[in-house]
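# Fold and geometry: a report
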Amino acid sequence: MEQEYKENCAGESRRDFLKKSTALAALATATPVLLKAAGNDEKIAGYFEKIPLQLEVNGKVHNLSVEPRVTLLDLLREQLNLTGTKKGCDHGQCGACTVHVDGRRINSCLSLAVMNEGKNVTTIEGLADGEKLHPMQESFIKHDGFQCGYCTPGQIMSAIACVKEGHANSVDEIREFMSGNICRCGAYPNIVDAIMEVKKGGQPL
Amino acid sequence: MINFEFVRTSTVKNAIAALSKTPGAQFIAGGTNLVDLMKKGVAAPKRLIDINSLPLRDITSDSKGILIGALALNSEVAEHPLIKNKLSLLAKALDAGASAQLRNMATIGGNILQRTRCSYFNDSTMPCNKREPGSGCGAKNGYHRMHAVFGASDKCIAVHPSDMCVALAALDAVVHTAGPKGERKVLFADFHRLPGDNPELDHHLQPGELITGIYVPANSFNKQHYLKIRDRASYAFALVSVAVALEVTDGIIKNAKLSMGGVAHKPWRLISTEQFLVGKAASKETFTEAAAVAMTGAVGLTHNRFKIKMGKAAVREALLQAIR
Ligand SMILES: Cc1cc2nc3c(=O)[nH]c(=O)nc-3n(C[C@H](O)[C@H](O)[C@H](O)COP(=O)(O)OP(=O)(O)OC[C@H]3O[C@@H](n4cnc5c(N)ncnc54)[C@H](O)[C@@H]3O)c2cc1C
Ligand code: FES
Ligand code: FES
């Protein structure tokens, strides 16, 4: 570990950086290299190589090709144009990027896309049934659970999970289990009201 | 984020082999600490080995204790009936950490191995002996409100940020590892290191080793509590935290284990306080005296001196809440 760490910290020389940028430029013009994983324990992708990734997003299966360093958040926003999921801090500190992966709420900004192979992702775009909004979306509107709206997709994804997990039994419990979603406009009291109403309504989510 | 090789692996043996193959390789589990540090340019692994498919996620028990797989999620462990019923201290500590989203990603192994760190470590424009040995400690003469009051060195005053580890230290957990030289079992209290002259090392995991699980021996603690004091009510690192596990019979303390978080480079066991408590009445008076014992030897700097007073109050309060 120690040695590895020192190497990591050595920092990149200008020369290394230029070498890599040239490699990057070359790659951009070439067809992306797709590596088939022969076995589960093979090397899957080298530097700058893209790897195949199958993801189900909001009910639709996508066969994609991504660099290992791409986060799930960037993949959703930039490759799939699902810009409902927001980037607030990009460091797990705000919850704006919250999505469900296999039913669990996570911060998509700290999840490498390639680590979600074969998984099922739900974003804010996947909640409504045609024109009919999800009960949590309805409730946020009814209770004015937002001002600018930037944190709202993350709040709503987190709120649905909060109720499903069974962590919405009181105002205090909701505040605790929604603490991973920061709202700069301070809409917290109304967000809690919106969640309480959905919880009390008992609709299937 | 700098590019890296990416490897998926599904057996412990192959994971260990894949790590040894490339210098600068690292395992990745939940990614909540590593990806964060990679984005900041603080970590730059040459190869990432995704260990999420390893069969290390089960939580099992026998008459002697509970074994938690290294890849069990923080949220899964906190919600597990075995943990809720038998190790409520651990469940409480887990629930006090990070956010619901992060606990759904973070693994037990990753939580133990998250870097001991501070804001100077996280900022690659600042000097930091932990990030860049020999570059100096920016915190010592800088802003050090969050920093250590126990066991710090001239080289480093960062604290280990985990809540879960504070509980595991009090519960005498054992870290199970596997590596190129075979399997090992390490007592939790001996797992993390104090900074000394080598703050770049956080713990005693050997090169190439993988944490496979955590074993928590069965106990007879009938009073357990985890108290965390932070700048806001939730979703913040501890200023000070206290894990308490007591066995109290007829008002007398038969056995006591305590540890603190937010005060040292590792989860800080309060051995003298434990010895002080055993055999005494579980009373306010005893706890007030115990709290003074707990903070004996603490050394504060300009901005973190408040932690000594706060620590004393927190130890007393945690003990009181445990017997409530
Ligand atoms: C905004 C934010 C707030 C937070 N607040 C808190 C808090 O209040 N309290 C708290 O306790 N924590 C907090 N955390 C930290 C969080 O708990 C850790 O990031 C998490 O537990 C790490 O687990 P992981 O599985 O994601 O680890 P990863 O990021 O995947 O890995 C961390 C390190 O461990 C190594 N590793 C992982 N698993 C193994 C294994 N089995 N064997 C060997 N090496 C391994 C990796 O190589 C890496 O070096 C917070 C994090 C964030 C981002
Ligand atoms: S953008 Fe992911 S938590 Fe802030
Ligand atoms: S509504 Fe503006 S940040 Fe929450």
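Cut-offs applied
Residues numbered from 1 in each chain as written. Chains lettered and ligands numbered in written order. Predicted model: local features only at pLDDT ≥ 70, side-chain atom pairs only at ≥ 80, totals over all residues. Heavy atoms only, no water. Helix = DSSP H or I, 4+ residues; strand = E, 2+ residues; numbered from the N terminus. Areas by Shrake-Rupley, 256 points an atom, 1.4 Å probe, with all protein chains shown as cover. Domains from an automatic or database assignment. Buried area = accessible area lost by both parts, 1.4 Å probe. Salt bridge = Lys/Arg side-chain N within 4 Å of Asp/Glu carboxyl O. Polar contact = N/O pair within 3.5 Å; in protein donor to acceptor, adjacent residues only side chain to side chain. Near = heavy atom within 4 Å. Pairing = 2+ DSSP bridges. Axes fitted to C-alpha atoms, helices over the stretch in contact; angles between N-to-C directions. Left-handed = near helix turned anticlockwise from the far one by under 90°. Contact = heavy atoms within 4.5 Å. Core = buried A, V, L, I, M, F, W, Y, C linked by side-chain atoms within 4.5 Å. Buried < 20%, exposed > 50% of the residue type's maximum accessible area, 1.4 Å probe, protein only. Parallel < 35°, antiparallel > 145°, perpendicular 65-115°, else oblique. Nonpolar A, V, L, I, M, F, W, Y, C, P; charged D, E, K, R; others polar. Phe/Tyr/Trp six-rings, centres within 6.5 Å; stacked < 30°, edge-to-face > 60°. Lys NZ or Arg CZ within 6 Å of the ring centre and 35° of its normal.

Attention shifts here to the overall build of chain A. Regarding its fold elements, chain A presents seven helices and six strands. Ordered by position in the sequence, the α and β elements of chain A form the string α-α-β-β-β-α-β-β-β-α-α-α-α. Of the roughly 10,200 Å² of accessible surface on chain A, a fraction of 51% belongs to carbon and sulfur atoms.

This part takes up the domain arrangement of chain A. Residue and element names in this part refer to chain A. Considered domain by domain, chain A is made up of domain 1 (2-45), domain 2 (51-126) and domain 3 (135-201). One C-alpha centre belongs to domain 2, the other to domain 3; they are set 21 Å apart. If you sort the residues of domain 2 by the area they bury against domain 3, H100, R105 and I124 come out on top, with a joint share of 50%. Taken together, domain 2 and domain 3 are joined by one salt bridge. Of the charged contacts, one joins R105 and E165 as a salt bridge, the two residues approaching to 2.8 Å between their closest N and O atoms. Where domain 2 packs against domain 3, one counts eight residue pairs in polar contact (both at pLDDT 80 or more).

A separate point is the site of ligand 1. Taken together, 35 residues sit near ligand 1, with F27, G31, T32, T107 and D163 of chain B positioned nearest. At ligand 1, the nearby residues belong to more than one chain, namely chains A and B. Here N33 of chain B contributes a backbone N or O atom positioned 2.9 Å from an oxygen atom of ligand 1. Relative to its free-state accessible area of 980 Å², ligand 1 is covered by the protein chains to the extent of 96%.

Looking now at the sheet that holds strand β4 (residues 59-62) of chain B. All names here are of chain B. Here five strands make up an open sheet; going across it, the order is β4-β5-β8-β6-β7 and the pairing antiparallel. Of all the strands in the sheet, just β4 and β7 (182-187) have a single pairing partner and so form its edges. The mean angle between the axes of side-by-side strands here comes to 20°, regardless of whether they run parallel or antiparallel. Where strand β6 (residues 174-179) meets β7, six bridges bridge the pair, whose relative direction is antiparallel. Following the sheet pairing, V174 is matched in β7 by L187.

Attention shifts here to the packing of helix α11 (residues 284-294) of chain B against helix α12 (residues 306-323) of chain B. Residue and element names in this part refer to chain B. Closest axis-to-axis distance for the α11/α12 pair is 8 Å, and the angle between their directions is 140°. The interaxial crossing formed by α11 with α12 has right-handed handedness. When α11 is examined against α12, the residues K284, F287, T288, A290, A291, A292 and A294 are found in contact with a partner set consisting of K312, V315, R316, L319, L320 and I323.

Counting residues in hydrophobic clusters, the biggest one holds 40 residues, and the most contacted among them are L55, L72, L75, L76 and L112 of chain A together with L48 of chain B. Breaking this core down by element, the ones donating at least two residues are β1 (43-45), β2 (51-57), β3 (60-66), α3 (72-79) and β4 (98-101) of chain A together with α2 (34-39) of chain B. Those residues within four positions of L76 of chain A in sequence are excluded, and the remaining contacts are V57, N81, L82, T85, V99, V121 and T123 of chain A. Ranked by size, the runner-up nonpolar core spans 39 residues in total, among them I83, A167, L171 and Y226 of chain B.

Right, let's talk about the packing of helix α4 (residues 135-142) of chain A against helix α5 (residues 152-164) of chain A for a bit. What describes two packed helices is the angle between their axes and the distance between those same axes. Residue and element names in this part refer to chain A. Running from amino to carboxyl end, α4 crosses α5 at an angle of 120°, the nearest separation of the two axes being 10 Å. With respect to α5, the element α4 is oriented oblique. Once α4 is placed against α5, the crossing between them reads as right-handed. Counted together, M136, Q137 and F140 of α4 and T152, Q155, I156, A159, I160 and V163 of α5 form the full contact between these two elements. Looking at the contact of α4 with α5 residue by residue, the classes come out as six nonpolar, three polar and no charged.

With that out of the way, let us pick up the packing of aromatic side chains. Working definition: an aromatic ring pair is given by the centre-to-centre distance plus the angle between the planes. Residue and element names in this part refer to chain B. All told, the structure shown has one aromatic pair over all chains when counted by the stated rule. Seen from their ring centres, F150 and W268 are 4.9 Å apart, and the 10° between their planes marks the pair as stacked. You can see F150 sitting in the loop between α8 (119-122) and α9 (164-170) and its partner W268 sitting in strand β12 (residues 268-269), a full 118 residues away along the chain. Both residues of the pair, F150 and W268, belong to the buried class. A cation over an aromatic ring shows up here: K280 above the ring of F276, its NZ or CZ 3.9 Å from the ring centre.

Time to look at the environment of K181 of chain B. If you trace the backbone, K181 of chain B turns up in the loop between β6 and β7. Through-space distance from the C-alpha of K181 of chain B to that of S153 of chain B is 32 Å; in sequence the pair is 28 residues apart.

Residues and elements named next belong to chain A. The five strands are arranged β3-β2-β6-β4-β5 in an open sheet whose pairing can be described as mixed. Looking at strand neighbours, the two that pair on one side only are β3 and β5 (104-107), the edges of this open sheet. With direction set aside, neighbouring strand axes in the sheet form an average angle of 40°. Together, β2, β3, β4, β5 and β6 (120-122) form the strand contacts of α3, whose direction differs from that of β3 by roughly 105°. α5 rests against β4, β5 and β6 of the sheet, and its axis sits at about 45° to β4.

Let us now look at the domain arrangement of chain B. We note that the domain assignment places domain 1 (5-52) and domain 2 (223-323) within chain B. Computed over C-alpha atoms, the centres of domain 1 of chain B and domain 2 of chain B are 36 Å apart.

It is worth spelling out the interface of chain A and chain B at this point. Taken together, the contact between chain A and chain B spans 51 residues of the former and 60 residues of the latter. Surface buried jointly by chain A and chain B totals about 4,600 Å² across both partners, of which 52% is contributed by carbon and sulfur atoms. The interface formed by chain A and chain B includes two salt bridges. Among the ionic pairs, R104 of chain A bridges to E76 of chain B, the shortest N-O distance being 3.1 Å. Remark: the boundary between chain A and chain B carries 18 residue pairs in polar contact (both at pLDDT 80 or more). Of all the secondary structure elements, the ones that give two or more residues to the side of chain A that touches chain B are α1 (2-9), β1, β5 and α6 (171-177) of chain A. A per-element tally of the side of chain A that touches chain B places α1 of chain A first, with seven residues.

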